[in-house]
Amino acid sequence: MEPLYKHSQGSTSIEIYGGYREIGGNCVVIRDRDGKLVLDNGIRFSVLRKYYRGGLQPLGVTELRQVGAIQPLEVFEEADAIYISHMHLDHLGLLGTLPLGLRLYVPSKEILDVVERWYRASSTWLAEIPHREGLEVAEVRPGSEDDLGVVAIPVSHSSYPSYAYLYRGRETSIFYSGDLRVRG
């Protein structure tokens, strides 16, 4: 699957695989020299609605990838980490489909555990939401830059806690808001 949008500036490029001119399915890839980050892993609800209605359900993960409801595995190949902005499914996605060994940063490990308990016993494709063993899961630390140049910035949202991310690259910085809402 080709990105929906792609832009490069110097040694930094951004690819958008979901959430571009649509609500949901957020997935943004930042490449900077030798590094690669993924921001969000959302399910594209617009694609789900197109193919599945009423009692129709996808047969599984392979089918969801084929129709474009979830990102292709290539998005995550050689990624240094994936950052989740908040725990809505259009940003969290199917963590159980991510490659082993990937570093996963989440707003709250405690809330991730709750979300996983909700879906773990599902008899449908939703059982793939919980992360499988083999992912390195860590909580973001608001306000401090991590070893990959990412700063988590708390934002107001209906899912608490929620974060925007500032990537401080070598030549350019990128701000990713997730679902930013502004209050007076």
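Let me begin by describing the structure that accompanies this report. None of these values were measured; they are calculated from a predicted model.

## What about the side chain of Arg65?
Next up, step 1: Topologically, Arg65 is positioned in helix α2 (residues 61-67).
Next up, step 2: Among the polar contacts made by the side chain of Arg65, one reaches the main-chain carbonyl oxygen of Gln71 at a distance of 2.2 Å.
Next up, step 3: Apart from the residues lying within four places of it in its own chain, the contact partners of Arg65 are Ile70, Gln71, Pro72, Leu73 and Thr97.

## What about the packing of aromatic side chains?
Next up, step 1: In this structure the tally under the stated criterion is four aromatic pairs.
Next up, step 2: A centroid spacing of 6.3 Å and a plane angle of 55° characterise the contact between Tyr51 and Tyr52, whose relative ring orientation is tilted.
Next up, step 3: With relative accessibility at 39%, the residue Tyr51 sits in the partly exposed group.
Next up, step 4: Aromatic rings pair up to connect Tyr83, Tyr105 and Tyr165 into one cluster.

## Things to note about the pairing of strand β8 (residues 150-155)
Next up, step 1: Looking at chain direction, β8 and strand β9 (residues 162-168) are connected through six bridges and run antiparallel. Note on β9: the bridge partner recorded for Ile153 is Ala164.
Next up, step 2: Between the end of β8 and the start of β9, which pair antiparallel, lie six residues.

## Examining the nonpolar core
Next up, step 1: Ranked by size, the top nonpolar core spans 31 residues in total, and within it Val38, Leu64, Ile82, Leu92 and Leu104 carry the most contacts.
Next up, step 2: Every residue in contact with Ile82, bar those within four places of it in the chain, is listed here: Val38, Asp40, Asn41, Phe76, Leu98, Leu102, Arg103, Leu104 and Tyr105.
Next up, step 3: Ala81, Val150, Tyr165 and Tyr167 belong to the second largest nonpolar core, which has 18 residues in total.

## Remarks on the sheet that holds strand β7 (residues 136-139)
Next up, step 1: Read from one edge of the open sheet, seven strands run β1-β2-β3-β4-β5-β6-β7, paired in mixed fashion. Of all strands in the sheet, those bounded by a partner on one side alone are β1 (5-9) and β7. On average, each strand axis in the sheet is tilted by 20° relative to the strand beside it, whichever way the strands run.
Next up, step 2: Taken together, the four bridges between strand β6 (residues 103-106) and β7 define a ladder with parallel strand orientation. Pairing of Leu104 across the sheet is with Val137, part of β7.
Next up, step 3: Relative to β7, helix α4 (residues 109-120) is tilted by about 125°, and along the sheet it contacts β6 and β7.

## Let's talk about the layout of surface pockets
Next up, step 1: Empty space within the largest pocket amounts to approximately 200 Å³.
Next up, step 2: As for the largest pocket, its lining consists of 14 residues, of which Asp32, Gly35, Leu148, Tyr167 and Arg170 are closest to the centre.
Next up, step 3: At the level of elements, β3 (27-32), β4 (35-39) and β9 are the ones that each hand at least two residues to the lining of the largest pocket.
Next up, step 4: Broken down by element, the residue count for the lining of the largest pocket peaks at three residues, all from β4.
Next up, step 5: Grouping the amino acids of the lining of the largest pocket by side-chain chemistry returns four nonpolar, three polar and seven charged.

## Points about the pattern of salt bridges
Next up, step 1: Counting across every chain of the model gives seven salt bridges.
Next up, step 2: With a closest N to O distance of 2.8 Å, Glu171 and Arg33 form a salt bridge. Linking Glu171 in the loop between β9 and β10 (173-176) with Arg33 in the loop between β3 and β4, this pair joins segments that are 138 residues apart in sequence.
Next up, step 3: With relative accessibility at 47%, the residue Glu171 sits in the partly exposed group.
Next up, step 4: Here Arg33 falls in the partly exposed class, since its relative accessible area comes to 46%.
Next up, step 5: One connected set of salt bridges, linked through shared partners, spans Lys6, Glu15 and Arg31.

Thresholds applied
- Residues numbered from 1 in each chain as written.
- Predicted model: local features only at pLDDT ≥ 70, side-chain atom pairs only at ≥ 80, totals over all residues.
- Heavy atoms only, no water.
- Helix = DSSP H or I, 4+ residues; strand = E, 2+ residues; numbered from the N terminus.
- Polar contact = N/O pair within 3.5 Å; in protein donor to acceptor, adjacent residues only side chain to side chain.
- Contact = heavy atoms within 4.5 Å.
- Phe/Tyr/Trp six-rings, centres within 6.5 Å; stacked < 30°, edge-to-face > 60°.
- Buried < 20%, exposed > 50% of the residue type's maximum accessible area, 1.4 Å probe, protein only.
- Pairing = 2+ DSSP bridges.
- Core = buried A, V, L, I, M, F, W, Y, C linked by side-chain atoms within 4.5 Å.
- Axes fitted to C-alpha atoms, helices over the stretch in contact; angles between N-to-C directions.
- 1 Å grid on protein atoms, 1.4 Å probe; cavity = no way out; pocket = protein on both sides within 12 Å on 5 of 7 lines; lining within 4 Å.
- Points joined across faces, edges and corners; volume = space filled by probe spheres on them.
- Nonpolar A, V, L, I, M, F, W, Y, C, P; charged D, E, K, R; others polar.
- Salt bridge = Lys/Arg side-chain N within 4 Å of Asp/Glu carboxyl O.

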